[in-house]
Amino acid sequence: MGGIRFILIQNRAGKTRLAKWYMQFDDDEKQKLIEEVHAVVTVRDAKHTNFVEVISVADSLSVLQFRNFKIIYRRYAGLYFCICVDVNDNNLAYLEAIHNFVEVLNEYFHNVCELDLVFNFYKVYTVVDEMFLAGEIRETSQTKVLKQLLMLQSLE
Amino acid sequence: CFLFHRGEGFNGLFLLAVASITLNFVKEAEIKRINKELANIRSKFKGDKALDGYSKKKYVCKLLFIFLLGHDIDFGHMEAVNLLSSNRYTEKQIGYLFISVLVNSNSELIRLINNAIKNDLASRNPTFMGLALHCIASVGSREMAEAFAGEIPKVLVAGDTMDSVKQSAALCLLRLYRTSPDLVPMGDWTSRVVHLLNDQHLGVVTAATSLITTLAQKNPEEFKTSVSLAVSRLSRIVTSASTDLQDYTYYFVPAPWLSVKLLRLLQCYPPPEDPAVRGRLTECLETILNKAQEPPKSKKVQHSNAKNAVLFEAISLIIHHDSEPNLLVRACNQLGQFLQHRETNLRYLALESMCTLASSEFSHEAVKTHIETVINALKTERDVSVRQRAVDLLYAMCDRSNAPQIVAEMLSYLETADYSIREEIVLKVAILAEKYAVDYTWYVDTILNLIRIAGDYVSEEVWYRVIQIVINRDDVQGYAAKTVFEALQAPACHENLVKVGGYILGEFGNLIAGDPRSSPLIQFNLLHSKFHLCSVPTRALLLSTYIKFVNLFPEVKPTIQDVLRSDSQLRNADVELQQRAVEYLRLSTVASTDILATVLEEMPPFPERESSILAKLKKKKGPSTVTDLEDTKRERSVDVNGGPEPAPASTSAMSTPSPSADLLGLGAAPPAPAGPPPSSSGGGGLLVDVFSDSASVVAPLAPGSEDNFARFVCKNNGVLFENQLLQIGLKSEFRQNLGRMFIFYGNKTSTQFLNFTPTLICSDELQPNILGFITKPVDPTVEGGAQVQQVVNIECVSDFTEAPVLNIQFRYGGTFQNVSVQLPITLNKFFQPTEMASQDFFQRWKQLSNPQQEVQNIFKAKHPMDTEVTKAKIIGFGSALLEEVDPNPANFVGAGIIHTKTTQIGCLLRLEPNLQAQMYRLTLRTSKEAVSQRLCELLSAQF
């Protein structure tokens, strides 16, 4: 099975600014993954790739199996945008999906900053749902996404 | 920054959030403030005054905010559900968001939520439909699948559904199919979904392609027509000018994500059969490869990333088809260019992609031409994950022609390699050295180098394997002895080297003893100089080496006896060492030269089987990531019982017998008459009779163990028992009246088992007839996820009916666990097949015509009556299957001899199937009634 397992936006201190899960994880597992992602991503620099493989132990009943994930991430100022996908998924396609998403946020929030994500968390979820759904890329056209977002905003 | 200042009541919380971002605000103050806020919201919800929609939304939104700050929320669900039925978008949206983020699938709320979703789906308001679909797609619970899996396909293919709703419906359906495939019925809608690939709206195509790909993986036939549609869509995209697709063009690349998705969909299928479609696809792939050579239309990294995303996916498809040599070689050349690209991402992806190209016969040679670049990457890349890919690629491109170079490079990299990947490199080197060894002296040198460079990372599998190979190949034994002897000269050598050295000199030290520089005494002194620095298991192994020396070199016997006799051995605090010292000393004193020679003879060759190192690597990396060109050739044992075997992949990792466990081995004689009395042992020696401690509290046999037991009658390997905590796997071999059974205990949990104690129990009736020895106790602590093995040596003294029981006791968490299973040691295991001609068979058959010698059973078939399966079962049972003996070709006859220590019993059997009645008649004739009876029972249960 391919597809996105989760999308995570964290700041450099490891505070989660958005977490969208596309698979069943229990709360402990989520917390562990959040910490793991922060630990592996923040130590990397420009000489490193934008990809990290993470091997996470699955639920305790099937310890003999491992879930293989990889994190595709990109840093924007103090924020890390991370998408966790299957090891066989296309790295560059998701790397650019992150950028596409960030450009939409930037346009929508007029120069987005960390605080926009905090205060307008419910709008950020709407942006995510327009662009990613059920762990798949739903819409890639920035024009179409922004048009839809403005339409929804007019309903407020 | 604050575009959307709303919700005046938020101010306090907002300040708090800002504070925790900017000032690293004191945690307690935050909690205090939040508790106050929660109390306020609770009172609003409980208040007498009904809240209006706006206030309700405001407070639900606050709750959500508090939850997202990391605090638990245990109320507000009902208010959120109420918001779902609001007619205002903002209220509905917050309601749905709350439900999506804080799902609680147990409550009665599910019914209310589903009701609200149903209303919104039927509302014909695209915004509300979208919210409802996004909620289903986020939660994806089984209850939701039950309620909506039938409805959503209708929404998806209805003619009047808006494009944006179609996109959401397609992916919503995908989510339900992933979580509950059984609830999503295929139907008329499937063909209409396939035609969405032709849709005008590229967003709809993007969503639909994901859905079709997921469905096609499980139902390829149903979605076959998607191939030609996907090819023509792809073709239109890749040939379009960079501005044709307008807002689906991303940095001058037309619809990159859709292209990637279409290429992935095509990877669900083999190359198209229709030549026109196939030709068109080849053109697409060539166009994509051509574009990679064109000058970039933009210097932005977004442009090259998007372009290369499509290129890498196209290469994946080319590799998947593995049928166009021309494309494969072009792909390889393209990746070769990327290997030297300044972008680290591209170098990484090129290495990764080339790894799969290396396993194609068409491109293997082309990949090999990049060996120097890859070796250079190993030495210069800064990112460890890139170096790791370089190691993977070297491993994948390795063959007989370049193995010495690649192994040498990996060994030298190992000196500085990151700790995180050392063990994996060690495994890889060990596998390559074995697989491509033309000259086994090279193999021995390589493994000893491995131990020298990275001894800590050389797992047991690796050094067991080198010993196995040396034992199995007599042309390398002398060299191995000489080499370990030299390696042991180093003042500080790794303990693993001492183990290998001890083992090999114990077996083959005599081959170099003629050289005065490595005389027996010098060998012994060398080994013994390491003794005191070693751990207990290694010292135990060395003691076994010493007793082997006593046999090999009578001239050092007094020296060795002195060592064994010393207080540090005889009175060693460790029970295992003490026992070995006592027993070996006594063995060396009382046994005659002949007996010593028999007991301590050279190890018999190990049976050839899959390298356990490979199994370990697979386990480490996941089966799909380890390429083994010879996978297909490996012999596979037939599961004679037909049914699917619940053995997990991990059982393959259990295949290597541990030579350290019993140096004396199965091939050795049973306990010498003059040997040490077993009763003196404190538990855990070589010759411990575990039967003597008959357990007081034994659990009743585990449920289902009868069935498992029956499955082992005709086979020797598999999973004997499994529950949520523990898995017991078996691997056994029998020869004449002796057997050896490897028992593997797997801790399936992530928690330690403590006081883990397996015991073998034989009833009084069974005890005189069958002897079983557990050669070594297992460590009482079994780590979470770990597997431990134990060896049971078995001797059949005379015929028997019952089976020994294996009782396992341990503590898990705070609870005491007690499991008992029958060990499948059955009389037929001691069968030796006997071939004979028809005439002989019937002559013997007549000789055994005494009524007490024959036992017959007529019974109904419990499994389908398949001739081949039946044959396999009779062979698995242990007797010879005699062809063309019975005049009726439908019948099966077999012959063999049961070996016990006291006697040998000839057995003849005849099985007559009656297809019409679905019955069998089984006749057993042996010289002993009890044997006929038991064999007949055992075999009858197999059909």
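- Per an unreviewed UniProt entry, chain B goes by the name AP-2 complex subunit alpha and belongs to Rhinopithecus roxellana.
- Annotation of chain B in UniProt includes, under Subunit (unreviewed entry), the sentence "Adaptor protein complex 2 (AP-2) is a heterotetramer composed of two large adaptins (alpha-type subunit AP2A1 or AP2A2 and beta-type subunit AP2B1), a medium adaptin (mu-type subunit AP2M1) and a small adaptin (sigma-type subunit AP2S1)."
- UniProt lists a comment for chain B under the heading Sequence similarities (unreviewed entry), and it reads "Belongs to the adaptor complexes large subunit family."

- The name given to chain A in an unreviewed UniProt entry is AP complex subunit sigma, with Rhinopithecus bieti as the source organism.
- Recorded in UniProt under Sequence similarities (unreviewed entry), the annotation for chain A is "Belongs to the adaptor complexes small subunit family."

1. Section: the overall build of chain B
Phase 1: A count of helices and strands for chain B gives 38 helices and 16 strands.
Phase 2: Considering only contacts within chain B whose residues lie at least 6 apart along the sequence, 70% involve residues at least 24 apart.
Phase 3: With an accessible surface of roughly 40300 Å², chain B has 51% of that area assigned to carbon and sulfur atoms.

2. Thoughts on the interface of chain A and chain B
Phase 1: Each partner contributes residues to the interface: chain A has 66 residues there, and chain B has 71 residues.
Phase 2: Of the roughly 6400 Å² buried at the junction of chain A and chain B (both faces included), carbon and sulfur atoms supply 58%.
Phase 3: Joining chain A to chain B, the criterion identifies five salt bridges.
Phase 4: Counting the contacts that link chain A with chain B gives 27 residue pairs in polar contact (both at pLDDT 80 or more).
Phase 5: Sorting the residues of the side of chain A that touches chain B by element identifies strand 2 (16-21), strand 3 (51-57), strand 4 (66-76), helix 2 (91-108), helix 3 (114-119), helix 4 (121-131), strand 7 (136-137) and helix 5 (142-154) of chain A as the ones contributing at least two each.
Phase 6: Among the residues forming the side of chain A that touches chain B, the class breakdown is 25 nonpolar, 20 polar and 21 charged.

3. Focus on the environment of Leu720(B)
Residue and element names in this part refer to chain B.
Phase 1: Position of Leu 720 among the secondary structure elements: in strand 3 (residues 717-722).
Phase 2: On the basis of relative accessibility, which here comes to 1%, the residue Leu 720 falls in the buried class.
Phase 3: C-alpha separation for the pair Leu 720 and Leu 730, spaced 10 residues apart in sequence, amounts to 6.5 Å.
Phase 4: If we skip the residues at most four places from it in the chain, Leu 720 touches Asn 708, Phe 712, Ile 728, Gly 729, Leu 730, Val 821, Gln 822, Leu 823 and Pro 824.

4. Section: the sheet that holds strand 9 (residues 805-812) of chain B
Residues and elements named next belong to chain B.
Phase 1: One open sheet accounts for three strands, arranged 6-9-10; its pairing is antiparallel. Edge positions in the sheet fall to strand 6 (753-761) and strand 10 (815-822), since each of these pairs with one other strand and no more. Pairs of neighbouring strands in the sheet enclose a mean axial angle of 15°, with direction left out of account.
Phase 2: Where strand 9 lies against strand 10, eight bridges are found, and the strand directions are antiparallel. Pairing of Arg 811 across the sheet is with Phe 816, part of strand 10.

5. Focus: the sheet that holds strand 5 (residues 738-747) of chain B
Residue and element names in this part refer to chain B.
Phase 1: Pairing is antiparallel in the open sheet, where five strands are placed in the order 3-4-5-8-7. Lying at the two open borders of the sheet, with one neighbouring strand each, are strand 3 and strand 7 (770-774). On average, each strand axis in the sheet is tilted by 25° relative to the strand beside it, whichever way the strands run.
Phase 2: As paired elements, strand 4 (residues 726-735) and strand 5 share 10 bridges and run antiparallel to each other.

6. What about the side chain of His201(B)?
Phase 1: Along the chain, His201(B) turns up in the loop between helix 11 (189-194) and helix 12 (202-218).
Phase 2: Judged by relative accessible area, His201(B) falls into the buried class, the value being 12%.
Phase 3: Contact partners of His201(B), with chain neighbours within four places excluded, come to Glu139(A), Lys144(A), Asp163(B), Gln167(B) and Tyr248(B).

7. Comments concerning the pairing of strand 8 (residues 787-796) of chain B
Residues and elements named next belong to chain B.
Phase 1: Burial within strand 8 is extensive, with eight of its 10 residues counted as buried.
Phase 2: As paired strands, strand 5 and strand 8 are joined by nine bridges and run antiparallel to one another. Note that in strand 8 the partner of Gly 746 across the bridge is Gln 787.
Phase 3: Direction of pairing for strand 7 relative to strand 8: antiparallel, over a ladder of five bridges.

8. Observations regarding the packing of aromatic side chains
Phase 1: By the definition in use, this model includes 35 aromatic pairs over all chains.
Phase 2: For the pair Tyr73(A) and Tyr80(A), a centre-to-centre distance of 6.5 Å together with 45° between the ring planes defines the contact as tilted.
Phase 3: The buried category is assigned to Tyr80(A), whose relative accessible area is 3%.
Phase 4: A ring pair is formed by Phe121(A) and Phe65(B), whose centres lie 5.7 Å apart and whose planes are at 45°; its orientation type is tilted.

9. A closer look at the environment of Ala306(B)
Phase 1: Examined against the element boundaries, Ala306(B) turns out to sit in helix 16 (residues 301-321).
Phase 2: As for Ala306(B) and Pro254(B), which are separated by 52 residues in sequence, their C-alpha atoms are 9.1 Å apart.

10. Re a negative patch on the surface
Phase 1: Together, Asp26(A), Asp27(A), Asp28(A) and Asp72(B) make up a region of like negative charge exposed at the surface.
Phase 2: Its place among the elements puts Asp28(A) in helix 1 (residues 27-42).
Phase 3: Judged by relative accessible area, which is 62%, Asp28(A) ranks as exposed.

11. Quick notes on the nonpolar core
Phase 1: One finds Phe132(A), Ile117(B) and Leu450(B) to be the most contacted residues of the largest nonpolar core, which totals 265 residues.
Phase 2: Sorting elements by how many residues they give to this core places helix 2 of chain A first, with 11 residues.
Phase 3: If you look at the next biggest cluster of nonpolar residues, it comprises 59 residues, including Phe734(B), Phe756(B), Ile808(B) and Val821(B).

Scoring rules and cut-offs
- Residues numbered from 1 in each chain as written.
- Chains lettered and ligands numbered in written order.
- Predicted model: local features only at pLDDT ≥ 70, side-chain atom pairs only at ≥ 80, totals over all residues.
- Heavy atoms only, no water.
- UniProt positions renumbered as here; feature names shortened; annotations may be inferred.
- Helix = DSSP H or I, 4+ residues; strand = E, 2+ residues; numbered from the N terminus.
- Contact = heavy atoms within 4.5 Å.
- Areas by Shrake-Rupley, 256 points an atom, 1.4 Å probe, with all protein chains shown as cover.
- Buried area = accessible area lost by both parts, 1.4 Å probe.
- Salt bridge = Lys/Arg side-chain N within 4 Å of Asp/Glu carboxyl O.
- Polar contact = N/O pair within 3.5 Å; in protein donor to acceptor, adjacent residues only side chain to side chain.
- Nonpolar A, V, L, I, M, F, W, Y, C, P; charged D, E, K, R; others polar.
- Buried < 20%, exposed > 50% of the residue type's maximum accessible area, 1.4 Å probe, protein only.
- Pairing = 2+ DSSP bridges.
- Axes fitted to C-alpha atoms, helices over the stretch in contact; angles between N-to-C directions.
- Phe/Tyr/Trp six-rings, centres within 6.5 Å; stacked < 30°, edge-to-face > 60°.
- Patch = residues over 30% accessible without salt bridge, like charges linked within 9 Å, V, L, I, M, F, W, Y side chains within 5 Å.
- Lys, Arg positive; Asp, Glu negative; His and termini not counted.
- Charge placed at Lys NZ, Arg CZ, Asp CG, Glu CD.
- Core = buried A, V, L, I, M, F, W, Y, C linked by side-chain atoms within 4.5 Å.

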